[in-house]
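Residue-level listing of the chains:
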Amino acid sequence: MDSALTRLENLLDRFREPEKLGAEELGVLSQLWSEGVESVVQAGKTIHLQEAQKDQYRIRLQQLIDQLPAIETLLSQHKSEVAQRLYAENRRFKALASSYGGSGRNSMGRTV
């Protein structure tokens, strides 16, 4: 249980700076998060803990849960910033293509 909680805590730390992560790494971290949550659930079902240990793990779990809204906000902001950058680059590319007499279509007849 302790190692599963530590892994989740480490993942949350990495999610705090999404701008340092690539899209693929964010996807992998999301998968690892799901696996970590499942590990905690399974550990909670299979190990027997003394009351003091249960309280300690409850506190750590609650701390993780309390951080999730802030992490979700950070990830949403990052997603929005990436979308804005892609939109601006797309507009810039279209303007560049049209300045060269392009129709905004590539050689295959598709709109770019």
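Heads up: the structure comes first, above all this text.
Residues numbered from 1 in each chain as written. Predicted model: local features only at pLDDT ≥ 70, side-chain atom pairs only at ≥ 80, totals over all residues. Heavy atoms only, no water.

**Q** Whenever I open this one, the pattern of salt bridges confuses me. Can you help?
**A** Pairing between side chains of opposite charge can happen when their charged atoms approach one another. Applying the stated criterion to the full structure yields seven salt bridges. In this structure, the salt-bridge partner of R16 is D13, at a minimum N-O distance of 3.3 Å. Since its relative accessible area comes to 33%, R16 is described here as partly exposed. Here E89 makes a salt bridge to R92, at a shortest N to O gap of 2.9 Å. With E89 and R92 both in helix α3 (residues 51-99), this residue pair falls three residues apart, about one helical turn. A network of salt bridges, in which partner residues are shared, links D2, E9 and R60. (Salt bridge = Lys/Arg side-chain N within 4 Å of Asp/Glu carboxyl O. Buried < 20%, exposed > 50% of the residue type's maximum accessible area, 1.4 Å probe, protein only. Helix = DSSP H or I, 4+ residues; strand = E, 2+ residues; numbered from the N terminus.)

**Q** It is not clear to me how the nonpolar core should be interpreted in this structure. Could you clarify?
**A** Among soluble globular proteins, nonpolar side chains are generally buried collectively. Core analysis: the largest hydrophobic core is formed by 16 residues, its most contacted members being M1, L5, L8, L11, F15, W33 and V40. At the level of secondary structure, the elements contributing two or more residues to this core comprise α1 (2-15), α2 (23-46) and α3. Ranked by residues supplied to this core, first place goes to α1 with six residues. In this structure, W33 is in contact with L8, L11, L12, F15 and L68, ignoring residues within four places of it in sequence. (Core = buried A, V, L, I, M, F, W, Y, C linked by side-chain atoms within 4.5 Å. Contact = heavy atoms within 4.5 Å.)

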